[in-house]
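A look at the structure
As a plain string of letters, each chain reads:
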Amino acid sequence: MTELGGFQDNVARVDLSSGDVAYEGIDEEDARKYIGARGLGVKYVFDQGPDVDPLGEDNLLAMMNGPLTGTQVVMSGRIAICTKSPLTGTVTDSHHGGWSGARLKWAGFDGLLFEGRSEHPVYAVVEDGEVELRDASHLWGWGVHDTMDELEDECEGSFGKNLSCMAIGPGGENEVKYACIMNEDDRASGRGGTGCVMGNKRLKAVVVKSSTKMPKPANPELFREGHQQAMQVIQESDVTAPNEGGLSMYGTNVLMNVTEETSGLPTRNGRYTSTEDAKNEDSSIPDDFDSERVSGENVRENILVDEPTCHSCPVACKKEVETSVMHKGEDLNVRMESYEYESAWALGPNSGHTERDEIAVMIDRCNDMGVDTIETGNIMAMAMELTEDGKLDDLGEGIEWGDAHEMIDMIERIATRETDLADHLADGQAHMAEAFDGHGSTLTVKNQAIAAYDPRCMKGMGIGYATSNRGACHLRGYTPSAELLGLPEKTDPYEWEGKGELCAMFQDMHAISDSFDICKFNAFAEGIEEYVKQYNGMTGLDVTEDELLETGDRIYTLERYYNNLNGFGREEDSLPARFLDGEGGMPGQGASEGEFCELDPMLDEYYERRGWVDGVVPDERLDDLGIDIGPGTGVSRGDSAAPADD
């Protein structure tokens, strides 16, 4: 039990096999060591045993908020979903914004732990410190949007007032390896296949009903000081200041033109480093293949209809759009939130087209089907390359570069595994590589696809992708903040030296913010000083800046140790071959002309900074960070010292 401020000291452990619900408090020592949300969620997953089958009954699905979630802290509306990933085989945490994290806190919970598997589809209703399971058989097979509408009626509430909902679509039900969990505002816990785990457990949705019972800080004066300081730096930042030219004006898609201009935008399955470079290299690519057509500026000028926001957020980066597309004789009208940079890139330039309105339809369909937009766009781009290379000929199916209308239909086929090709695509790029001799066409690390930053241009993103504990990811350590935006200070994107250190610093800081759980966008303005004041003010603790940074290191190292126990080491800290100077490598073009990513020396620098041996956490590093191995995990000290290439 804990008396720390910011916690409700209540976690529900739901056994879906039996239908039993047990309630337990928060272990204060764990809360001090791992904060909450991501950190505490990963600790619960670790204690369940690292050797569980991701699609077995023993795998834990943890939905966790943090001690700052649902408070006055700016951008504190997030929730972490932690589990063992069916896509990567690693531990994973995937977050979404909106209001469900805050409402879970206000409903009296720090987290929900789902284990087992129900005999029939169910959904959970969370209210006033209790969890009730209800039959969801009538909802099975439904898309996310219809599911949300029905549950709003059944639970007699109202989204945006007292109700939040997290649900899966057909993608999760059919165990697409990159299925995601959606909430009522089209926000996604998108990466790692959390929706696949939820579908395997036959858990259709979690509905949270609450009033607004905001936690009170343990040290109000210190909390007020930290909060005011954080608000000031956020309002002064060029990136986060409301009503300026950054996130508030154009959303995350403000980055489309920025990365294009630096030749850092992976294009046509990463063959090229921008749409302009692609046209310069291949005369068959049409002139209207131009990333500006899908940029934040273009979206704002033409199809923007609203700018909703998450709990306690003045930035309002979400850009709600409305448009229509004539698709195979049918007029498809969509209004959806939100037209994000990563989604627009994966489903657009990386897949060989820049049709703005068709991308809006694709994002909306991915949300309704409950599949990750990044992974879906990437794997369709891979299929396009395999089609061009003739490697899908025996299958009798394929998809051509930039065929936006075929992509629209393919999304639903993937979610339902309707055709042979869609069934293969649903299992991820590693499966596709084995089935169709496509190893040279994958853009993955640990079987998770990259995001919209090219490591031939941004070397820090290269080491970030390679060492991300959940597979290729820009959000574990967002080095483009320094390489593109100059925050906290400008670094040369083409220089590899120092990027191991830089990446580890960003990873530790993001582990902290993910465990609070607050939006990463605050890191464009706030630093460790603001974090410490708000954290101490809310909880009543007295941690120093160095101690909080060590906590971030502890969380990241526990995740790495979990992965070590599942056979991951230096060999898995890799990059797609086309980014490296070797067999299959493709140098950058334009501003990135001739560039490759120098991964090996960055790994050496990174491991030295972390105190790891070829990517493996030694026992002495566990001791230094105070990482205890709990009974029942099946883990003994020394297990992680197995050869990294086992």
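Small disclaimer: the values here were computed from a predicted structure and weren't measured. (Residues numbered from 1 in each chain as written. Predicted model: local features only at pLDDT ≥ 70, side-chain atom pairs only at ≥ 80, totals over all residues. Heavy atoms only, no water.)

In this section: the overall build of the protein. Along its length, the protein carries 24 helices and 17 strands. Computed over the C-alpha atoms, the radius of gyration of the protein is 23 Å, within 12% of the 26 Å expected from 2.2 N^0.38 for a compact globule of 646 residues. Dimensions of the protein, computed from the C-alpha atoms along their principal axes, are close to 65 × 55 × 50 Å. Counting all 646 residues of the protein, 66% fall into the buried class. Sequence separation of at least 24 residues holds for 69% of the intrachain contacts in the protein that already meet a minimum separation of 6. Accessible surface computed for the protein: about 21200 Å², of which carbon and sulfur atoms make up 41%. In the protein, 53 positive and 126 negative side-chain charges are present, and the distance between their average locations comes to 3 Å. (Helix = DSSP H or I, 4+ residues; strand = E, 2+ residues; numbered from the N terminus. Rg over C-alpha atoms; globule rule 2.2 N^0.38 Å. Buried < 20%, exposed > 50% of the residue type's maximum accessible area, 1.4 Å probe, protein only. Contact = heavy atoms within 4.5 Å. Areas by Shrake-Rupley, 256 points an atom, 1.4 Å probe, with all protein chains shown as cover. Lys, Arg positive; Asp, Glu negative; His and termini not counted. Charge placed at Lys NZ, Arg CZ, Asp CG, Glu CD.)

This part takes up the pairing of strand 3 (residues 61–64). Burial along strand 3 is two-sided: the face carrying Leu61 and Met63 and the face carrying Ala62 and Met64 are both buried. Two strands pair when backbone bridges link them, and strand 3 and strand 6 (residues 111–115) are joined in this way by four bridges, in the antiparallel orientation. Of the residues in strand 6, the one forming a bridge with leucine 61 is phenylalanine 114. Pairing between strand 3 and strand 4 (residues 79–84): three bridges, direction antiparallel. Paired with alanine 62 across the strands is cysteine 82, a residue of strand 4. (Pairing = 2+ DSSP bridges.)

What follows covers a negative patch on the surface. There is a patch of like negative charges on the surface, built from Asp542, Glu545, Asp546 and Glu547. Summarising the element assignment, glutamate 547 is placed in helix 22 (residues 545–564). Looking at glutamate 547, the relative accessible area reads 41%, which means it is partly exposed. (Patch = residues over 30% accessible without salt bridge, like charges linked within 9 Å, V, L, I, M, F, W, Y side chains within 5 Å. Salt bridge = Lys/Arg side-chain N within 4 Å of Asp/Glu carboxyl O.)

Cis geometry is adopted by the peptide bond preceding serine 338, which originates at glutamate 337 and carries an omega value of 20 degrees. A cis geometry characterises the amide bond from leucine 487 onward to proline 488, with omega recorded as 0 degrees. Mapped onto the elements of the fold, proline 488 is located in the loop between helix 19 (480–483) and helix 20 (499–516). At alanine 316, a residue that is not glycine, the phi angle is positive and equals roughly 55 degrees. Mapped onto the secondary structure, alanine 316 falls in the loop between strand 13 (304–306) and strand 14 (320–327).

Bringing the packing of helix 18 (residues 459–467) against helix 20 into the picture now. Across the interface, helix 18 lies against helix 20 with an axial gap of 9 Å and an inter-helix angle of 60 degrees. Taken together, the axes of helix 18 and helix 20 lie oblique to each other. Judged by the twist between their axes, the crossing of helix 18 over helix 20 is right-handed. From helix 18, Lys459, Gly460, Ile463, Gly464 and Thr467 reach across to helix 20, where they touch Lys499, Cys503 and Gln507. When grouped by side-chain class, the residues that make up the contact of helix 18 with helix 20 number two nonpolar, four polar and two charged. (Axes fitted to C-alpha atoms, helices over the stretch in contact; angles between N-to-C directions. Parallel < 35°, antiparallel > 145°, perpendicular 65-115°, else oblique. Left-handed = near helix turned anticlockwise from the far one by under 90°. Nonpolar A, V, L, I, M, F, W, Y, C, P; charged D, E, K, R; others polar.)

With that settled, the discussion passes to helix 13 (residues 356–369). The terminal C-alpha atoms of helix 13, which comprises 14 residues, lie 20 Å apart, in line with the 20 Å expected from a rise of 1.5 Å per residue. Of all 14 residues in helix 13, 14 are buried, a share of seventy percent or more. Phi for glycine 370, located one or two positions after helix 13, is positive at around 75 degrees. (Expected span 1.5 Å × (residues − 1).)

For the rest of this paragraph, the subject is the pattern of salt bridges. Tallied over the full model, the rule gives 57 salt bridges. In this structure, the salt-bridge partner of lysine 204 is glutamate 173, at a minimum N-O distance of 2.6 Å. Here the residue lysine 204 occupies a position in strand 12 (residues 203–209), and glutamate 173 occupies one in helix 5 (residues 170–173), the gap between them amounting to 31 residues. For glutamate 173, a relative accessible area of 12% translates into the label buried.

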